[in-house]
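Next come the chains, spelled out residue by residue.
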Amino acid sequence: MSGHSKWATIKHKKGALDAKRGRIFTRLIKELTVAARAGGGDPDMNPRLRTIIADAKAANMPAENIKRAIRRGTGEEPGVTYEEAQYEAYGPGGAAVILDVLTDNKNRTVGELRHLLEKGGGNLATANAVAWMFTKKGYIVIEKSKADEDKLMSAVLDAGADDLQDDGDNWEVLSSPELFSAVRDAVKTLGIEPATAEVSMIPQNHVKLEGKPAQQMLRLMEALDDHDDVQHVWSNFDIEEKEIEASLA
């Protein structure tokens, strides 16, 4: 999991998320709308919506923005209709890429993603070309300096986590997607704010990248992550931390 973890946690540390607050709000509003449309506007009856509301609050999104997005999803307010889609791709060095997308125009979005991938040394792949390399999991990263191992392990396993793994400076907690919210709440009950907490596509193996392919891959990840319709981008690259830091400097 090392490549995935380093990319997520270093971006967090660098403040890249805060610098793109407006971008995050746009992404969350789309997710709130789609979740409410699919499962209703009551978070107590809609676990997916409940998780996204928690993410929106963690990003300091105003309560009225959250309510308005939910009302658009339930049809109480007019708004754009978004479709969910997942695209698969290859990046530099043969690294696998999965893109979760919310769009109001699939043809436009797929054309723009194809252009970004080709410009960045990658290409779109056919369905199921790389998805089999990933497993959907609840994924929480906690900096070791913030947590007592025994207390953390006890809390997350009691909440239903599958595993607690050591990744150098961080603990990584894995769970089924269904138990992600309970496990995240258990971590927060300890007074710990995770560096990363999401339902993620976890790679089963990694592709080691160095030098030019590594830098190409990191630039491509940034470009894809910045696209308005891309909600999440996952990859199975493994790149040394110093190269990631250099790309984000």
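Computed from a predicted structure; not experimentally measured.

Draft legend 1. Spotlight on the nonpolar core. Judged by nonpolar contacts, the single largest core of 23 residues is most densely connected at Leu 99, Met 217, Leu 224, Phe 237 and Ile 239. Mapped by element, the contributors of at least two residues to this core are strand S1 (83-90), strand S2 (96-103), helix H6 (106-119), helix H9 (211-226), strand S9 (230-235) and helix H10 (241-248). Looking at this core element by element, the count peaks at six residues for H9. Discounting chain neighbours no more than four positions away, the residues touching Met 217 are Gly 91, Pro 92, Ala 95, Val 97, Leu 209, Ser 235, Phe 237 and Ile 239. Listed in part, the 16 residues of the second largest apolar core include Ile 142, Val 156, Ala 161 and Trp 171.

Draft legend 2. Representation of helix H7 (residues 149-158). Turning to H7, its buried residues are Leu 152, Ala 155 and Val 156. Along the long axis of H7, the arc covered by the buried residues comes to 90°, so they all point the same way. Opposite the buried face of H7, at more than 90 degrees from it, the exposed residues are Asp 150 and Asp 158. Summarising the contacts, the buried residues of H7 are in contact with strand S4 (134-143), strand S5 (163-167), strand S6 (170-175) and helix H8 (180-189).

Draft legend 3. The arrangement of the pattern of salt bridges in detail. As enumerated under the stated definition, the model contains 15 salt bridges in all. Ionic pairing is found between Asp 104 and Arg 108, a salt bridge with its closest N-O pair at 3.2 Å. By relative accessible area, which is 44% here, Asp 104 ends up partly exposed. Taking relative accessible area as the criterion, Arg 108 reaches 32% and is therefore assigned partly exposed. For Asp 162, the salt bridge is made with Lys 137, and the minimal N-O distance between the two is 3.0 Å. With Asp 162 in the loop between H7 and S5 and Lys 137 in strand S4, this residue pair connects regions lying 25 residues apart in the sequence. Given a relative accessible area of 45%, Asp 162 falls into the partly exposed group. The structure contains a network of salt bridges with shared partners spanning Lys 30, Asp 104, Arg 108, Glu 112 and Asp 229.

Rules used in this analysis
Residues numbered from 1 in each chain as written. Predicted model: local features only at pLDDT ≥ 70, side-chain atom pairs only at ≥ 80, totals over all residues. Heavy atoms only, no water. Core = buried A, V, L, I, M, F, W, Y, C linked by side-chain atoms within 4.5 Å. Buried < 20%, exposed > 50% of the residue type's maximum accessible area, 1.4 Å probe, protein only. Helix = DSSP H or I, 4+ residues; strand = E, 2+ residues; numbered from the N terminus. Contact = heavy atoms within 4.5 Å. Arc of directions from axis to C-beta. Salt bridge = Lys/Arg side-chain N within 4 Å of Asp/Glu carboxyl O.

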